[in-house]
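One-letter residues, chain by chain:
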Amino acid sequence: MIKNSRMQKIIKSLRWMLIFLAMGQGYAETLDRIVAIVEDDVILARDLAREEAVIKQRIAASNSQMPPDYVLRKQVLEKMIIDKLQRQLAERAGVTVSEEMLNGSAEDIAQRNRMTMEQFRAEIESQGITYKAFLENLRNEIIVNQLRAREIGARVKVTDREIDHYIETQGKIGDQAIQYHLGHILLAVKENASASDVQKAQSKANELFEKLNAGQDFSETAISQSNDANALKGGDLGWRTIADIPSLFTDVVKDMKRGDVAGPIRSPSGFHIVKMLDVKGVDDHIITKTKVRHILIKTNELVDDNEARKRLLALRARIDDGDDFAVLARSHSDDKGSAIKGGLLDWVSPGDLVKPFEEAMAKLGVNQISEPVQTQFGWHLIQVLDRENKDNSTEYQRNLVRDAIRKRKIEEETELWMRRLRDEAYVEIYDDRL
């Protein structure tokens, strides 16, 4: 659908400009042909071929059966169209990624994989992908995530009432200990689809459901038939708790066993088929809580790092000689909030304090006092007063439910948003094979 005449003129002008450029410079045969026009931009044949090669490599690495080339090409092109529409919207919204943020994200990925940047770069290039192409893909991913957070995430809220309602309606919160590995296929239906189009989609979904129940490969079917964002991953949704599964599927999933296929399930987006790839339980969530106190010396124009350390070492010597830690904290600590309580931070859980403080605290025995420890707040003396293991399952699971409900809401909103974005966009495809 062309939204206005100005957009139509821009698109036609761009298309003809590229054709005339090729003809005028005498290399029409070598200029990449256009396979799709997406609003005011184009997708070139070489870009499509490059993306196809990446997806084929990914499918081969996962040991999934490769779909026919024309099927894969159609799916890859559709993914590229959606990506380009999102990039265009992000550009209009002013969403950008700085070089510092991009390089920092790449370094984070390398660290999570326990590699140096040199090793990480070599690993990427060993897979036939240039590091420049990897960075560009990473940039696109960050931009799209920021766009979705802006367009969707800010509107999604989860209340305590929703968490309570979920627990009341879905059973004991202990059910959160069960995790499900799901596969998903979506046969999309436009919001304004005719009754005939809906019937065709439902008939196709019923046919696929029968074939999958008869043993047809789910991953291959998802790659070739699904309109979901995870299609090129074989429809793999990964491991999820019941709260992390779209609400449309929750009642169905709880009764499924490993290998079961369910559907078709109708939603505003179309017809869904799900498969239980695997299921497993999770142990109780036990955390170690620590009762801790500290003395803080901040650095400034008059007190540098060496002076702060010297003061703390002097205080530590006085404590070793019998002075009371709490008394010294009240008179010397720069953390006024805890100083009035003798330096007491009370019981803390993992993640409550900054990493250098927690790492030093974890190495201490009960009643042991640390050497001076530096954090972004200054220099600390740390003393552990007590430790206890606590079953934090209820609190942990409530937080898990909150996060999962939010994620589920965002996924559902994103699916509708992306479908609407695609349906309302001007797209022309110039590939006889599609």
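Note that this is a predicted model, so its numbers are computed, not measured. (Residues numbered from 1 in each chain as written. Predicted model: local features only at pLDDT ≥ 70, side-chain atom pairs only at ≥ 80, totals over all residues. Heavy atoms only, no water.)

Engineer: Can you lay out the overall build of the protein chain for me, pointing to particular residues and giving the numbers?
Structural biologist: When helices and strands are tallied, the protein chain shows 15 helices and eleven strands. Residues counted as buried form 40% of the 434 residues belonging to the protein chain. Of the accessible surface of the protein chain, which amounts to about 24700 Å², a share of 48% is contributed by carbon and sulfur atoms. (Helix = DSSP H or I, 4+ residues; strand = E, 2+ residues; numbered from the N terminus. Buried < 20%, exposed > 50% of the residue type's maximum accessible area, 1.4 Å probe, protein only. Areas by Shrake-Rupley, 256 points an atom, 1.4 Å probe, with all protein chains shown as cover.)

Engineer: Can you explain helix α14 (residues 355–362)? Please cite residues and give values.
Structural biologist: Residues of α14 that are buried: F357, E358, A360 and M361. Taken around the axis of α14, the buried residues stretch over an arc of 165°, which confines them to a single face. Projecting away from the buried face of α14 at angles above 90 degrees are the exposed residues K355 and A362. Buried residues in α14 make contact with β7 (286–297), β8 (344–348), β9 (373–375) and β10 (378–391). (Arc of directions from axis to C-beta. Contact = heavy atoms within 4.5 Å.)

Engineer: Hey, could you go over the nonpolar core for me, with residue numbers and the actual values?
Structural biologist: With 41 residues, the main nonpolar core has I43 and F134 as its most contacted residues. When contributions to this core are tallied by element, the ones reaching two or more residues are β1 (34–38), α2 (45–61), α3 (69–93), α4 (99–112), α5 (117–126), α6 (131–151) and α15 (393–424). If you tally residues by element for this core, the top one is α3, at nine residues. Residues in contact with F134, not counting those within four places in the same chain, are A106, I109, F120, I124 and I129. Counting residues in hydrophobic clusters, the runner-up holds 20 residues, among them Y166, A243, A404 and I405. (Core = buried A, V, L, I, M, F, W, Y, C linked by side-chain atoms within 4.5 Å.)

Engineer: Mind laying out the pairing of strand β5 (residues 261–267), listing which residues take part and the relevant values?
Structural biologist: Inspection of the sheet shows β5 paired to strand β6 (residues 270–280) by five bridges, in the antiparallel sense. Residue pairing in the sheet places S267 in a bridge with G270 of β6. Between the antiparallel neighbours β5 and β6 lie two residues. (Pairing = 2+ DSSP bridges.)

Engineer: Residue-level account of the packing of aromatic side chains, with values.
Structural biologist: One pass over the full model with this rule turns up two aromatic pairs. Each residue in the set F120, Y131 and F134 is aromatic and connected to the rest through ring pairs, giving one cluster. The residue whose ring lies beneath R266 is F271, and the NZ or CZ to ring-centre distance is 4.9 Å. (Phe/Tyr/Trp six-rings, centres within 6.5 Å; stacked < 30°, edge-to-face > 60°. Lys NZ or Arg CZ within 6 Å of the ring centre and 35° of its normal.)

Engineer: Please set out the environment of R50 residue by residue, giving values where relevant.
Structural biologist: Within the fold, R50 resides in helix α2. Separated by 79 residues in sequence, R50 and I129 have C-alpha atoms that sit 9.9 Å apart.

Engineer: Could you give me a rundown of the sheet that holds β1, with the residues and numbers involved?
Structural biologist: Strand order across the open sheet formed by three strands is β2-β1-β11, with antiparallel pairing between neighbours. Two strands in the sheet have a free side with no partner beyond their single neighbour: β2 (41–44) and β11 (427–429). Strand-to-strand, the axes of this sheet are offset by a mean angle of 20°, without reference to chain direction. The pairing of β1 with β2 spans four bridges and is classified as antiparallel. When the bridges of β2 are listed, V38 appears paired with D41. (Axes fitted to C-alpha atoms, helices over the stretch in contact; angles between N-to-C directions.)

Engineer: So what about the sheet that holds strand β3 (residues 179–188)? Which residues, and what values?
Structural biologist: The strands that make up a sheet are held in pairs by hydrogen bonds between backbone atoms, and each pair lies either parallel or antiparallel. Reading across from one edge, β4-β3-β6-β5 is the order of the four strands in this open sheet, with antiparallel pairing throughout. The outermost strands of the open sheet, each flanked by one partner alone, are β4 (236–241) and β5. Here the average twist between neighbouring strands, direction ignored, is 35°. Direction of pairing for β3 relative to β4: antiparallel, over a ladder of five bridges. Following the sheet pairing, L182 is matched in β4 by G238.

Engineer: Give me the pattern of salt bridges: which residues, what numbers.
Structural biologist: This structure, assessed with the given rule, holds 20 salt bridges. Residue E125 is joined to R121 by a salt bridge in which the shortest nitrogen-to-oxygen separation is 3.6 Å. Remark: R121 and E125 occur in helix α5; sequence separation between them is four residues, near one turn of the helix. Residues E411 and R240 are paired through a salt bridge, measuring 2.9 Å at the closest nitrogen-oxygen approach. Placement of E411 in helix α15 and of R240 in strand β4 is noted, with a sequence separation of 171 residues between them. What makes R240 buried here is its relative accessible area of 6%. (Salt bridge = Lys/Arg side-chain N within 4 Å of Asp/Glu carboxyl O.)

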